[in-house]
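Take a look at the letters that make up each chain.
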Amino acid sequence: MKLVIIEPLGVKEDKLLTLAQATLGQDLEVVYYDTRTTDSEELIARGKNADIIAVSNLPLSRVVIEGCPNLKLLAVAFTGVDHIALDACRERAITVCNCCGYSNAAVTDLVFGMIVSLYRNLIPCNEVVRNHGTKDGLVGFELEGKKFGIVGTGAIGMRVAKVAAAFGCEVYAYSRTVKETPDVTYTDLDTLLKTCDIVSLHVPLTPATTHLINTEKLALIQPHAVLINTARGPVVDTKALADALSNHQIAGAGIDVFDVEPPVPSDHPLFGAPNVIVTPHIAFATVEALEKRAVIMLDNIKHYLEGSPQNII
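Residues numbered from 1 in each chain as written. Predicted model: local features only at pLDDT ≥ 70, side-chain atom pairs only at ≥ 80, totals over all residues. Heavy atoms only, no water.

**Quick look at the nonpolar core**
Stated precisely, the cut-off is as follows: Put simply, a nonpolar core is a bunch of buried Ala, Val, Leu, Ile, Met, Phe, Trp, Tyr and Cys residues held in one set by side-chain atoms that sit within 4.5 Å of each other. Categorising residues by exposure relies on relative accessible area from a 1.4 Å probe, with only protein chains included: less than 20% of the type maximum marks a residue as buried, more than 50% marks it as exposed, and the intermediate range marks it as partly exposed. In this text, helices come from DSSP runs of H or I with a minimum length of four residues, and strands from runs of E with a minimum of two, each type numbered from the N-terminal end. Note on definitions: a residue-residue contact is assigned when non-hydrogen atoms from the two residues lie within 4.5 Å.
Core analysis: the biggest nonpolar cluster contains 49 residues, and Leu3, Val55, Leu74, Val76, Ile84, Met297 and Ile301 have the highest contact counts within it. Top contributing element to this core by residue count: helix H11 (residues 287–305), with 6 residues. Not counting chain neighbours up to four residues away, the residues in contact with leucine 3 comprise Leu24, Leu28, Glu29, Val30, Val31, Ile52, Ile53, Ala54 and Ile301. Formed by 31 residues, the second largest nonpolar core is a distinct cluster that contains Val151, Tyr172, Val199 and Leu218.

What follows is the structure, encoded as structure tokens:
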């Protein structure tokens, strides 16, 4: 059996290979690639003899999957799998598993980092101080008492809810599944958008959630409210959001995800919009989270080899 780690996973190679040996034993051949490529021919060359391929958020197309005839397990070191040609995997009975839970703390941290940065004008404050200015025009807001809306109450959404409640926020939620949770009031999406001072998105990318936040929905958000997206880029209609910011329909936004993976083109609509913080799809990426992810991924492979696969998509 051969495992190919087809792209870097954010953990030092020697540490990752040591973890792999400790978890999977020495009978499994492990090949590690420390460079990232999107070239289909190169990806096929890397994975064509693999029984198992480990991948993070690198897109794997039908062409690549069909070019790997021995592939039996695709171990996705990520939560979402919208970058994987799942239809091709199903046709070949290739097992696909993901890594749930590794980034719950990391994503939550960035959500509140963005909110505090927007509420307290941290980026403008930094510039003002360096240019010998004062706090004039930069007085911000507190989180306490604000209405905090969460769209999608999976593991990350629920952690965000818990932290929001700790800040003293009134927490509202919209989700397909309603959970009996203290301090969280479930409502419909339109009511949440009309009601909340902060809206944070935590839904997977599906046909139903593509452009979930569009021109119509943005028009419901209060002019003083901020929108945070650490979920998936296409959940928000980017052009509509840029227009809403430019027209002062909403007060600000924190965006970690885009329609494309960074590097983002310099003419991206949000780059010309006011009061928006953009980060390069980094919410999940902390030292601790990447190590947790590697452990979960290797554990998924171990369970598969033992005949009891887990975290199956």
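**Focus on the packing of helix H1 (residues 13–24) against H11**
For clarity, the cut-off: For every element, the axis is a line fit to its C-alpha atoms; helices are fit only across the contacting stretch, and the angle between N-to-C directions ranges from 0 to 180 degrees. In this scheme, roughly parallel covers angles under 35 degrees and roughly antiparallel covers those over 145, while 65 to 115 is roughly perpendicular and the rest are oblique. Crossings are sorted by hand: turned counterclockwise from the far helix by less than a right angle, the near helix makes the crossing left-handed, and turned clockwise it makes it right-handed. Following the grouping adopted for this structure description, the nonpolar residues are Ala, Val, Leu, Ile, Met, Phe, Trp, Tyr, Cys and Pro, the charged ones are Asp, Glu, Lys and Arg, and the polar ones are all others, Gly among them.
The geometry of H1 relative to H11 is characterised by a closest axis approach of 10 Å and an angle of 30° between their N-to-C directions. Judged by the angle between their axes, H1 and H11 are roughly parallel. Classified by chirality, the crossing of H11 by H1 is right-handed. Residue-level inspection shows Lys15, Leu16, Leu19, Ala20, Thr23 and Leu24 of H1 in contact with H11, the latter providing Glu291, Ala294, Leu298, Asp299, Ile301, Lys302 and Leu305. Residues belonging to the contact of H1 with H11 are distributed by class as follows: 8 nonpolar, 1 polar and 4 charged.

**Here we look at the packing of aromatic side chains**
Selection criterion: Centre distance within 6.5 Å is the pairing criterion for rings of Phe, Tyr and Trp, where only the six-membered ring of Trp is used; planes under 30 degrees apart are then read as stacked, over 60 as edge-to-face, and the remainder as tilted.
Within this structure, the stated rule accounts for 4 aromatic pairs. Here phenylalanine 112 and phenylalanine 148 contribute two aromatic rings whose centre-to-centre distance is 5.6 Å and whose plane-to-plane angle is 25°, an arrangement assigned as stacked. Here phenylalanine 112 is found in helix H5 (residues 104–119), whereas its partner phenylalanine 148 is found in strand S6 (residues 147–151), with 36 residues between them in sequence. Among the residues examined, phenylalanine 112 registers a relative accessible area of 7% and is labelled buried. For the pair phenylalanine 112 and phenylalanine 167, a centre-to-centre distance of 5.4 Å together with 10° between the ring planes defines the contact as stacked.

**Brief notes about the side chain of serine 117**
By the element assignment, serine 117 lies in helix H5. Among the residues examined, serine 117 registers a relative accessible area of 17% and is labelled buried. Among residues more than four places away in sequence, those in contact with serine 117 are Leu122 and Ile277.

**Here we look at the sheet that holds strand S11 (residues 252–255)**
To summarise the sheet geometry, strands pair through backbone hydrogen bonds and adopt either a parallel or an antiparallel arrangement. Counted only if it meets this: Think of it this way: DSSP has to see at least two bridges between two strands before they count as a pair.
Taken in spatial order, the 7 strands line up as S8-S7-S6-S9-S10-S11-S12 in an open sheet, and their pairing is parallel. The open sheet is flanked by strand S8 (184–186) and strand S12 (276–278), the only strands paired with a single partner. Sheet twist, expressed as the mean angle between neighbouring strand axes with direction ignored, is 15°. Pairing of S6 with strand S9 (residues 198–201), which is carried by 4 bridges, proceeds in the parallel orientation. What sits directly across from valine 151, in S9, is leucine 201. Against the sheet, helix H7 (residues 155–166) makes contact with S6, strand S7 (170–174) and S8, and its axis sits at roughly 175° relative to S6, the strand it touches most.

**Overview of unusual backbone geometry**
Note that the residue after proline 262, namely proline 263, is joined by a cis bond; omega there is 10°. Checked against the element boundaries, proline 263 lands in the loop between S11 and S12. Phi at histidine 211 is positive, roughly 55°, even though this residue is not glycine. Inspection of the secondary structure puts histidine 211 in the loop between S9 and helix H9 (215–218). Its relative accessible area of 34% is what places histidine 211 among the partly exposed residues. Even without glycine at this site, asparagine 275 takes up a positive phi of about 55°. Structurally, the position occupied by asparagine 275 is in the loop between S11 and S12.

**A word on the pairing of strand S1 (residues 2–5)**
Sheet faces and side chains relate simply in a regular strand, where the side chains alternate between the two faces. Threshold: By definition, the crossover connecting two strands over a helix is right-handed if that path, from the first strand to the second, turns clockwise as seen with the strands pointing away from the viewer.
Side chains Lys2 and Val4 of S1 all project onto a buried face; the interleaved residues Leu3 and Ile5 project onto the opposite face, where all are buried too. Of the strand pairs in this sheet, S1 and strand S2 (residues 29–32) are connected by 4 bridges, and their pairing is parallel. Its bridge partner being in S2, valine 4 is matched across the sheet by valine 31. Crossover handedness for the path S1 to H1 to S2: right-handed. One ladder, built from 3 bridges, connects S1 with strand S3 (residues 52–55); its direction is parallel.

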